[in-house]
Amino acid sequence: MLPLDAFPLAASESNLLAARELMAFTLAFHIVLSCLGVALPAIILSANWLGLKRGDEDAMRLARRWSKAMAVTFAVGAVTGTVLSFEFGLLWPRFMERFGDAFGIAFAIEGLFFFTEAIFLAIYIYGWKRLGGWAHFWSGVPMVITGIGGAFSVVTANAWMNQPQGFTLDAAGKVVETEPFEVLFNPAWSYEVPHMILAAYMVAGFLVASIYAVGMLRGRRDRLHRLGLLIPLTIACIVTPIQLFVGDTAAREVADHQPAKFAGFECIEETGTHQTEYLGGICTDDGVKGAIGIPDLDSFLVGFSADTEVTGLDDIPADERPPANTLLHLSFDAMVGIGTALLALAAWLAFAWWRRRDIPHTPWFLRAVAVSGAGAIVALWCGWIVTEVGRQPWIVQGYLRTSEAVTEAEGIWFAFAGVLVLYAGLGTGAILVLRSMSRRWREQEESAGEGEVPYGPRAELPGAAP
Amino acid sequence: MTRADVAAAILWTGATLYALFGGADFGAGLWDLIAGDARKGERPRALIQRSLTPVWEANHVWLIFILVVLWTAFPEAFGAVMSTLYVPIALAAVGIVLRGAGFAFRKSIESLEGQRAMGAAFALSSVLTPFFMGTVVGAIAAGNVPASGDGDAFSSWLAPLPLLTGALFVASGAYLAAVYLVSDARRAASPDLEDYFARRALAAALVAGGFAVAGIFALHSDARYVFDRLTAEGLPLVIVSALCGLGVLGLLLRGARRGLRPLAAGAVVAVIWGWGVAQFPYLLPTTLKITQSAAPDPTLDAVLIVFVVAALVVLPALGLLYWLSQRELLEE
Ligand code: HDD
Ligand code: HEM
Ligand code: HEM
C-alpha cells in the first residue's frame, strides 16, 4: 500500500529489528510508571499513617500531594500498559497465536489485580475530602496488595518466557495441553518476581526522595521537605540490601538455567573452571578488552568455589548465542554497580541516623540522594536489557525464535516513529503537569495554608444557580 | 455448552460491560467535543469532567479484560484479528493514549492554550477510538478476517459494514452518555443541564437507531450468515433492543427521567448479545469456530476461575466505587 520500497529501512527484513526496538522502547517507558504504581501506594500510606497516628500535619499534606501526583502517573501507566497489550498482538501475532493459551494465563490474573487497583486508587485519590480519616486510609490498603499481585502476574509471564514449562506440544508445535499452575510458578518466577517488586520500591522510593533532595539543595529546608525526603528514602534504603541478595541469587539461577545468557553478560568465551570476573570492558571474540579482571571470582560467585565449571559461548551453537555481548555485559555491570552504590548510600544514612538521629549534614549526601532516583531507573532498565536481550534469539527460550514470532505487517518503522513522537508528548506532558502541581503547592504554602480543606462542602458547578 | 462456549460468553460479558461503561465514557467525550466555545460549553464540560473523573480508569480496564481473555482463551482468533486489522487497531490504541493523557493532564495544566490542546486531544480521540473499534467488530462480522490471519490490511475494514459499525459505536456511546448525564445533572441539581442532555440523548437515540437500521441492510448484503441468524435465532434480542430504544424515546418525549438508564442500557446489551447469537458458533464468521480456536481445557478453566473471582472481588469493589461516586463522596 505505502511506497515502502523507497525507504530501505522499512523493507520487511528489518521488521524484526523495528518490532524489537518498538517493544523495548514502550516497555522501558511503561516500566518506570508501573514501578510507581506498585510502590507509591505503600509510600503514600506510610505518610498517611504517620499523619493520622501522630496528628502530623506535614505528613498528611505529603500523602495528599503524592496521591495527587500518582493520579497522573497512574493514568499514564494505564495508557502505556494498554499499548503494550495491543503490541503483543500487533508485533508478535505468531507468538500469541502459538503460546497465548499458556503465556496468557498470567495476564488473565493480572487483569484482576489492575482492576482492583484502579478502583481503590480512585476511591483513595478522590476520597480525601469526604471520607473519614481511617476509612480513607484503609481504602488505600488494597492498592498495596494489588500492586504486588499485578507485578507478580506480569513478571511471572516474563519469567515463563525465560524458563517455559507447563504445556504439551503436538507434532505441529501447537499447544494441546496446559497446566496453569506450572505456567504461573515456573522456575524463574521465584527470583524475577521478588527482584522486580524490590526494584519497584527502590525506584519509587529513591525517585520521590530525590525530588525533595533537590528542593533542600535549593534551600527549602523546612520540615515538610525533610519528611518528604525521609519517608521514601527510608523505605528504599531498607529494601536495597535485600535486592542485592535477590539479584545475586538470580545470577546463579541464570547461570544454571540459561547458560547462554550468563555467558553473554559475563563475556565468557570458553567453558572451564577458574573463570575470571570482568568488570567493565568490551567483549570481543578473543576475550575481554579494557576490563578489570578478578581471577576465579566468576566461578566462585556461581558455585562458591573456584573449581566451578561455567559454560562459555563456545559451547553454545552459534545460532543460539545472544547478540551484543558488550551491551549485555555493560548493562549487567551498570546494574550491579548502581545497586552497590545505592547500598553505600543506605549505609551512610543508617550510620548517621544511628549516631545522631538525623540525616548526614553535608550537601554531598543530598546530592547523592538527588541522583539516586535516576540511578535506580537506570539500574532497572539495565536489568531488563540483561533479561530480554540475553534471551535472544528466543522469544520463548528453546521453543520459539523471535524471528518466527514477528508480524509481517508493513511499516513498523513508521509506527515506531509515530510512537516516539506520541510518547515524547506524553512524557513531556506528564512532567509539565507534575511540575505545575508542585509550583501550585508551593504558592499555596506561601499564601494562606494549603487551600484544600478536608471535609469541605462540595464545589458547585461553575455558574450554577444557588 | 462446552467450556469454549463459556469462555466466549465471558468474552461477550466483558464486551457488554465495556460498551456500557467505557462506551459511555467515549460518548461523554463526544459531548465535550461539541459543547461549543469556552463560555457556552463551560457548565456541560464541568459536569462531564466531574462525572468521569473518578471512574474512567476503572471503566477502561474492561478493554484490557477483553484483550487478555481473547488472547488466552482464543489465541488463534487473536492472532488472526491482530495480523489483519492492525491499522484500525493501532489507530484505536493511539486514540486511547491521547484520550487518557488528555483527560489526566487537562485539569492540571494552567495555560489556557495548554488546556485547550489537552481538551481537544481528549475529545477528538473520544470519537476516533470507538469508531475504529467499531470497524474492527464490523470487519469481523463481515467475515473479512481469515482464520489464518494476514488478511488485507485495508479492504478488510474500509467497507460499508465496518464503517457503519464504527459510526454506530460512536452514536451509541453518545446516546448512553447523554442518558447517564441526565441523571448526573439531576443529582447536581442543575435542571438546565438535565434538559440540555435530555435533548442530546434524544438526538443521539435517533442517529444511533438510523445507523442500526442501515447496519441491518449492510449485514444483508455483506454478512449473510450473520444476517440470517440475526433475523432468526437473534430476532427476540433485536426486538428487545428496538423496544428499549423506543421506550427511551417515549420517556424522553414525555420529559420523564425514571427508567431512562436501564432502558438505554438494555437497548445496547440486547444488540451486543444479538450479535453474539448471530455469529454463533463462529468466532470469525465463517472460517473459525469458537471450539476450533479455543485453548486447551485447563487454560479455559483458569479463565473461568479468574472470571468468577473477578465477579466476587471486582464487581463489589466496582459497586462501591459507583456508589461512593453517586453519593458524591468522591471529589477532586
Ligand atoms: C533497582 C533496580 C535493580 C538493582 C539495584 C539490581 N537489579 Fe538486577 N534486575 C533488575 C533491577 C535491579 C530488573 C528489575 O530490571 C530485572 C530485570 C528482570 C528481573 O527480574 O529483574 C533485573 C534482572 C537481573 C538479572 C537477570 C535475571 C534474568 O534474566 O532472569 C540478574 C542476574 C540480576 N538482575 C542480578 C542483579 C545483581 C547481582 C544485583 C546487585 C548486586 C542487581 N541485580 C541489582
Ligand atoms: C514483564 C514483562 C515483560 C514481558 C512479558 C516482555 C516481553 C517481551 C517480548 C514479547 C519481547 C519481544 C520478543 C523478544 O525480543 O524476545 C520483548 C523484547 C524486549 N524487551 Fe521485554 N518484556 C517485559 C519487560 C521488559 C521491560 C520492563 C523492558 C525494559 C526496560 C524490556 C526490554 C526489552 C527489550 C530491550 C527487548 C528487545 C530484545 C531484543 O530484541 O534484543 N522488557 N519483551
Ligand atoms: C509486557 C508487559 C506488560 C504489559 C502487557 C502490561 C500491561 C499493562 C496494562 C494493560 C496496564 C493498564 C491497566 C489499567 O488500566 O489499570 C498496566 C498498568 C500497570 N502495569 Fe503493566 N504491563 C506490562 C509490564 C509491566 C511490568 C513489568 C510491571 C511491573 C512490575 C507492570 C506493572 C503495572 C502496574 C502496577 C500497572 C498499574 C498502572 C500503573 O500504576 O501505572 N507492568 N500494564
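Residues numbered from 1 in each chain as written. Chains lettered and ligands numbered in written order. Predicted model: local features only at pLDDT ≥ 70, side-chain atom pairs only at ≥ 80, totals over all residues. Heavy atoms only, no water.

Caption draft 1: Main features of the overall build of chain A. Helices and strands together make up the secondary structure of chain A, namely 13 helices and 8 strands. In terms of overall size, chain A behaves like a compact globule, its C-alpha atoms giving a radius of gyration of 24 Å where 466 residues would be expected to give roughly 23 Å. Along the first, second and third principal axes, the C-alpha set of chain A runs to 75 × 60 × 45 Å. When the accessible surface of chain A is summed, it comes to about 19,600 Å², and 65% of that surface belongs to carbon and sulfur atoms. Chain A carries 32 positive and 46 negative side-chain charges, and their two centres are separated by 18 Å. (Helix = DSSP H or I, 4+ residues; strand = E, 2+ residues; numbered from the N terminus. Rg over C-alpha atoms; globule rule 2.2 N^0.38 Å. Areas by Shrake-Rupley, 256 points an atom, 1.4 Å probe, with all protein chains shown as cover. Lys, Arg positive; Asp, Glu negative; His and termini not counted. Charge placed at Lys NZ, Arg CZ, Asp CG, Glu CD.)

Caption draft 2: Spatial organisation of the packing of helix H1 (residues 3-33) of chain B against helix H3 (residues 56-73) of chain B. All names here are of chain B. Relative orientation of the contacting elements H1 and H3 amounts to 155°, with a least axis distance of 8 Å. The orientation of H1 with respect to H3, classified from their angle, is roughly antiparallel. Note on packing geometry: the crossing formed by H1 with H3 is left-handed. Across the interface between the two elements, Ala7, Ile10, Leu11, Gly14, Ala15, Leu17, Tyr18, Phe21, Gly22 and Asp25 from H1 touch Trp56, Asn59, His60, Trp62, Leu63, Phe65, Ile66, Val69, Leu70 and Ala73 from H3. Split by residue class, the contact of H1 with H3 holds 15 nonpolar, 4 polar and 1 charged. (Axes fitted to C-alpha atoms, helices over the stretch in contact; angles between N-to-C directions. Parallel < 35°, antiparallel > 145°, perpendicular 65-115°, else oblique. Left-handed = near helix turned anticlockwise from the far one by under 90°. Contact = heavy atoms within 4.5 Å. Nonpolar A, V, L, I, M, F, W, Y, C, P; charged D, E, K, R; others polar.)

Caption draft 3: A look at the site of ligand 1. Residue and element names in this part refer to chain A. What surrounds ligand 1 is a group of 26 residues, the closest being His195, Lys261, Met335, Leu380 and Thr387. In the model, a nitrogen atom of ligand 1 is placed 2.8 Å from a nitrogen or oxygen of the His195 side chain. In this structure, an oxygen atom belonging to ligand 1 sits 2.8 Å away from a main-chain N or O atom of Leu380. Elements represented by at least two residues in the shell around ligand 1 include exactly helix H6 (189-217), helix H7 (223-257), helix H8 (259-266), helix H10 (325-356) and helix H11 (363-391). Ranked by residue count, the leading element in the shell around ligand 1 is H7, at 7 residues. Broken down by class, the residue content of the shell around ligand 1 amounts to 16 nonpolar, 7 polar and 3 charged. (Near = heavy atom within 4 Å. Polar contact = N/O pair within 3.5 Å; in protein donor to acceptor, adjacent residues only side chain to side chain.)

Caption draft 4: Layout of the packing of aromatic side chains. Counted under the stated rule, the structure contains 38 aromatic pairs over all chains. Considering the side-chain rings of Phe107(A) and Trp71(B), the 5.5 Å spacing of their centres and the 80° angle between planes classify their relative orientation as edge-to-face. Remark: Trp71(B) occurs in helix H3 and Phe107(A) occurs in helix H3 (residues 93-126); the pair is interchain, linking two chains. Taken individually, Phe107(A) and Trp71(B) each receive the classification buried, so the pair is uniform in this respect. Three or more aromatic residues joined by ring pairs form one cluster here, namely Phe88(A), Phe95(A), Phe99(A), Phe103(A), Phe107(A), Trp160(A), Phe167(A), Tyr399(A), Trp71(B) and Phe78(B). (Phe/Tyr/Trp six-rings, centres within 6.5 Å; stacked < 30°, edge-to-face > 60°. Buried < 20%, exposed > 50% of the residue type's maximum accessible area, 1.4 Å probe, protein only.)

Caption draft 5: Representation of the interface of chain A and chain B in the model. Each partner contributes to the interface: chain A provides 66 residues, whereas chain B provides 68 residues. For the pair chain A and chain B, the summed buried surface comes to about 6,000 Å²; carbon and sulfur atoms form 72% of the total. In this assembly, chain A and chain B are joined by 2 salt bridges. Secondary structure elements with two or more residues in the side of chain A that touches chain B: helix H2 (57-91), H3, strand E2 (175-178) and helix H13 (412-446) of chain A. Considering every element that reaches the side of chain A that touches chain B, the biggest residue donor is H3(A), with 22 residues. Taken together, the residues of the side of chain A that touches chain B break down into 41 nonpolar, 12 polar and 13 charged. (Buried area = accessible area lost by both parts, 1.4 Å probe. Salt bridge = Lys/Arg side-chain N within 4 Å of Asp/Glu carboxyl O.)

Caption draft 6: Molecular detail of a negative patch on the surface. A cluster of like negative charges, contributed by Glu270(A), Glu309(A), Asp314(A) and Asp315(A), occupies part of the molecular surface. Under the relative-accessibility criterion, Asp315(A) is labelled exposed at 51%. (Patch = residues over 30% accessible without salt bridge, like charges linked within 9 Å, V, L, I, M, F, W, Y side chains within 5 Å.)

Caption draft 7: Expanded view of the coordination of the iron atom of ligand 3. When only protein atoms are considered, the iron atom of ligand 3 has one donor, His30(A) (NE2), at a distance of 2.1 Å. On the secondary structure map, His30(A) appears in helix H1 (residues 15-54). (Donors = N, O, S within 2.8 Å, 3.2 Å for Na, K, Ca; no water.)

Caption draft 8: Quick look at the coordination of the iron atom of ligand 2. For the iron atom of ligand 2, the protein contributes exactly one donor atom, Glu388(A) (OE), at 2.2 Å. Mapping Glu388(A) onto the fold places it in helix H11.

Caption draft 9: How the structure looks around the site of ligand 2. Residues and elements named next belong to chain A. Taken together, 20 residues surround ligand 2, and among them Arg20, Leu27, Glu388, Arg391 and Gln392 come closest. At 2.6 Å, a side-chain N or O of Arg20 approaches an oxygen atom of ligand 2. The separation between a nitrogen atom of ligand 2 and a polar side-chain atom of Glu388 is 2.5 Å. For the shell around ligand 2, the secondary structure elements donating two or more residues are H1, helix H4 (133-162), H11 and strand E7 (394-396). At 6 residues, the largest contribution of residues to the shell around ligand 2 is made by H1.

Caption draft 10: Spotlight on the nonpolar core. Counting residues in hydrophobic clusters, the biggest one holds 242 residues, and the most contacted among them are Trp92(A), Phe95(A), Trp160(A), Leu229(A), Phe74(B) and Phe105(B). With 21 residues, H3(A) is the largest single contributor of residues to this core. With residues up to four places along the chain from it excluded, the contact list for Leu229(A) reads Ala209(A), Tyr212(A), Ala213(A), Met216(A), Ile359(A), Leu366(A) and Val369(A). Among the nonpolar cores identified, the runner-up in size contains 20 residues, and Leu328(A), Phe332(A), Cys382(A) and Val386(A) belong to it. (Core = buried A, V, L, I, M, F, W, Y, C linked by side-chain atoms within 4.5 Å.)

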